[in-house]
Amino acid sequence: MGYYIPLPGVDLMRLPSAAVGNTEGERLMRAIYGQASELPASLFDLGISPHINASILVSILLLLPKELLEWQPLDRLREARKEGKSGEAEINGVINNTALALALWTAFTRARQLLPYALLPQWFVPQATMALMAGTFMVQHCANTITAAGIGNGSTLVICMGIITEYADTIHAVLTALEASALPPLRLAALLVGYLGLVLFTVYLSSAEVRLPMVQYSSTPPQPRGASSGGQGELFAQARLILDRRAAQSEASATYFPIRLNSSGVMPMIIASAGYYGLLPRFLDLLGAQSAVGVLHAFQASLPGLLLYGLLVFAMEFLPFGAVNPQEVSEYFSAINVGIKSVAPGKYTVDFLQQKVRQCKFWGGLALGGLAVAAHAFDALCNAALGVSLATTSLVIIVGAVLQTSRQVASLREGPALEQRLDQERIVIGSLAHM
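Residues numbered from 1 in each chain as written. Predicted model: local features only at pLDDT ≥ 70, side-chain atom pairs only at ≥ 80, totals over all residues. Heavy atoms only, no water.

1. Details of the pairing of strand β1 (residues 209–216)
Part 1 of the argument: Sheet topology note: the β1/strand β2 (residues 256–260) ladder contains five bridges and is antiparallel. Each bridged residue has a counterpart across the sheet, and for Val 210 the counterpart in β2 is Ile 259.
Part 2 of the argument: Here three bridges tie β1 to strand β3 (residues 338–340), and the two strands are oriented antiparallel to one another. When the sheet's bridge partners are listed, Gln 216 is paired in β3 with Val 338. (Pairing = 2+ DSSP bridges. Helix = DSSP H or I, 4+ residues; strand = E, 2+ residues; numbered from the N terminus.)

So, in structure tokens, the structure goes:
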């Protein structure tokens, strides 16, 4: 709704509509900025862009080696990446503060651009700046609420909403092009097979995981010497054994710990696409280097440019988006008395999990980077054959986000079932205690 609320104080009748591009980078940037084509200046005109831009900036700084840029606050953030949820919260705090500064600057710049079309020029710039900042942080609040509720990655879902609104227009353009052109059936079938193949590979990559075999340690404490063979202690020990056997029988098919091959979902592709195809050309355009923008677009369409884009997607996979924290997992294993098969508990489990997570990020990032390059190459092929793009990268992002959200919703549904089983165990133990 906020995308269609006009920015207060702007004469929309005199404001020219923004030029709508057809490249994948321009589509993604419009989805991030939340710019409705029917409304050239809305309350949510900045969309979620300040937070995404801040994430890109902090991510690039964290990827720089310590020898290249040595700065004490940055060194602290590098260490925070190893500290689990507390470190992730610290990094998110830095991203939010950076997003606040970027939102202030972006909103002020946008307000200055809209000043010639203001109904009342006096005090328009500060009022429009505050309104735009309120809109962008409303969007970010919605995204944070979605993430905190465990439904999915809020930023990804907000961006996907913008992508989906334009995808219907893309499909209409493709069908119109197919109707107007005499495309041979075999060539059309080949395009459809390639399209379906990319979608299926996205589904596979989103669900692929490494399964580590688990072992259940004995949960019955040894009785001290000379202890009585009867009594309440023995009764509780027997009840615990019965419950352990039932749990082992009911969960025999789940005796493994899964590590997702692509733990970050499609967020690395979104950040790399926004930075490479969106922010970089806009930055050069802002500097007035029009010739450099043309050279950049030609380079992005070439094979080295595509490979560089795939490398950026690969690098973004190593950022801490939804990754498994080995230290927390090891502590959880100790709490529930389980472990990884053939791996000693404690430090050895942490080291083993760190190695597996790095391997998954390497191969998952390599696969995601290859998928991103293949999607752009396929769109170039469709442009040559149909004269229109199929927006394959947008489809890949949508499919990946939907699968990630469906998995998290399914995990939320497991919570009540687990609580019910725990209540049943409590009832059984309570009944045995009163015997």
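2. Comments concerning the pattern of salt bridges
Part 1 of the argument: Here the structure, examined in full by the defined rule, presents five salt bridges.
Part 2 of the argument: Salt-bridge contacts for Glu 90 lead to Arg 76; the nearest nitrogen and oxygen are separated by 2.9 Å. Highlighted residues: Glu 90 in helix α4 (residues 84–114) and Arg 76 in helix α3 (residues 72–80), separated in sequence by 14 residues.
Part 3 of the argument: When its relative accessible area of 34% is taken as the criterion, Arg 76 is described as partly exposed.
Part 4 of the argument: Salt-bridge contacts for Lys 347 lead to Asp 351; the nearest nitrogen and oxygen are separated by 2.8 Å. Residue Lys 347 and its partner Asp 351 are located together in helix α13 (residues 347–386), separated by four residues, close to a single helical turn.
Part 5 of the argument: When its relative accessible area of 32% is taken as the criterion, Asp 351 is described as partly exposed. (Salt bridge = Lys/Arg side-chain N within 4 Å of Asp/Glu carboxyl O. Buried < 20%, exposed > 50% of the residue type's maximum accessible area, 1.4 Å probe, protein only.)

3. Some points on the nonpolar core
The nonpolar side chains of soluble globular proteins are, as a tendency, buried together.
Part 1 of the argument: Core analysis: the biggest nonpolar cluster contains 62 residues, and Ile 48, Phe 257, Met 269 and Tyr 309 have the highest contact counts within it.
Part 2 of the argument: Looking at which element gives the most residues to this core, the answer is α13, with 11 residues.
Part 3 of the argument: Here this core spans two domains, and each of domain 1 (1–149) and domain 2 (158–217 + 237–401) adds at least three residues to it. (Core = buried A, V, L, I, M, F, W, Y, C linked by side-chain atoms within 4.5 Å. Domains from an automatic or database assignment.)

4. Describing the confidence of the model for the chain
Part 1 of the argument: Chain-level pLDDT for the chain is 77 on average; 78% of the residues reach the 70-or-more range.
Part 2 of the argument: Per-element averaging of pLDDT across the chain places helix α8 (residues 232–250) at the bottom with 57 and helix α5 (residues 124–148) at the top with 90.
Part 3 of the argument: For the stretch residues 220–230, pLDDT sits under 50, and the model shows five contacts to residues farther than four places along the chain or on other chains.
Part 4 of the argument: Confidence drops under pLDDT 50 across residues 249–254; counting only partners more than four residues distant or on other chains, this segment forms zero contacts. (pLDDT = per-residue confidence, 0-100. Contact = heavy atoms within 4.5 Å.)

5. Digging into the packing of aromatic side chains
Part 1 of the argument: Inspection of every chain in the model, using the stated rule, returns eight aromatic pairs.
Part 2 of the argument: Measuring from centroid to centroid gives 6.1 Å for Tyr 195 and Phe 378, while their planes differ by 25°, and the two rings are stacked. Of this pair, Tyr 195 sits in helix α7 (residues 185–207) while Phe 378 is found in helix α13, placing the two residues 183 residues apart along the sequence. Phe 378 shares its class with Tyr 195; the two are buried.
Part 3 of the argument: Each ring, one from Phe 201 and one from Tyr 204, has its centre 6.4 Å from the other, and the planes form 40°; the classification is tilted. On the criterion of helical spacing, the pair formed by Phe 201 and Tyr 204 is a turn pair, its members being three residues apart in helix α7.
Part 4 of the argument: A residue is classified by how much of its surface remains accessible, and Tyr 204, at 52% relative accessible area, is exposed.
Part 5 of the argument: Here the aromatic residues Tyr 276, Tyr 277 and Tyr 309 are joined through ring pairs into a cluster of three or more. (Phe/Tyr/Trp six-rings, centres within 6.5 Å; stacked < 30°, edge-to-face > 60°.)

6. Side note on the UniProt feature "transmembrane region" (unreviewed entry) in the chain
Part 1 of the argument: The positions UniProt marks with the feature "transmembrane region" (unreviewed entry) are residues 120–139, 146–168, 188–206, 259–279, 299–319, 362–378 and 384–403.
Part 2 of the argument: The annotated region residues 259–279 carries 62% helix and 10% strand content, and the separation between its end C-alpha atoms amounts to 33 Å.
Part 3 of the argument: Structurally, residues 362–378 comprises 100% helix and 0% strand, and the distance from its first C-alpha atom to its last is 24 Å. (UniProt positions renumbered as here; feature names shortened; annotations may be inferred.)

7. Here's the deal with unusual backbone geometry
Excluding glycine, most residues fall at negative phi; most peptide bonds, likewise, are trans.
Part 1 of the argument: Backbone geometry places Trp 123, a non-glycine residue, at a positive phi of 60°.
Part 2 of the argument: Along the polypeptide, Trp 123 turns up in the loop between α4 and α5.
Part 3 of the argument: On the accessibility criterion, Trp 123 (59% relative accessible area) is exposed.
Part 4 of the argument: For Ser 342, which is not a glycine, the phi torsion comes out positive at approximately 70°.

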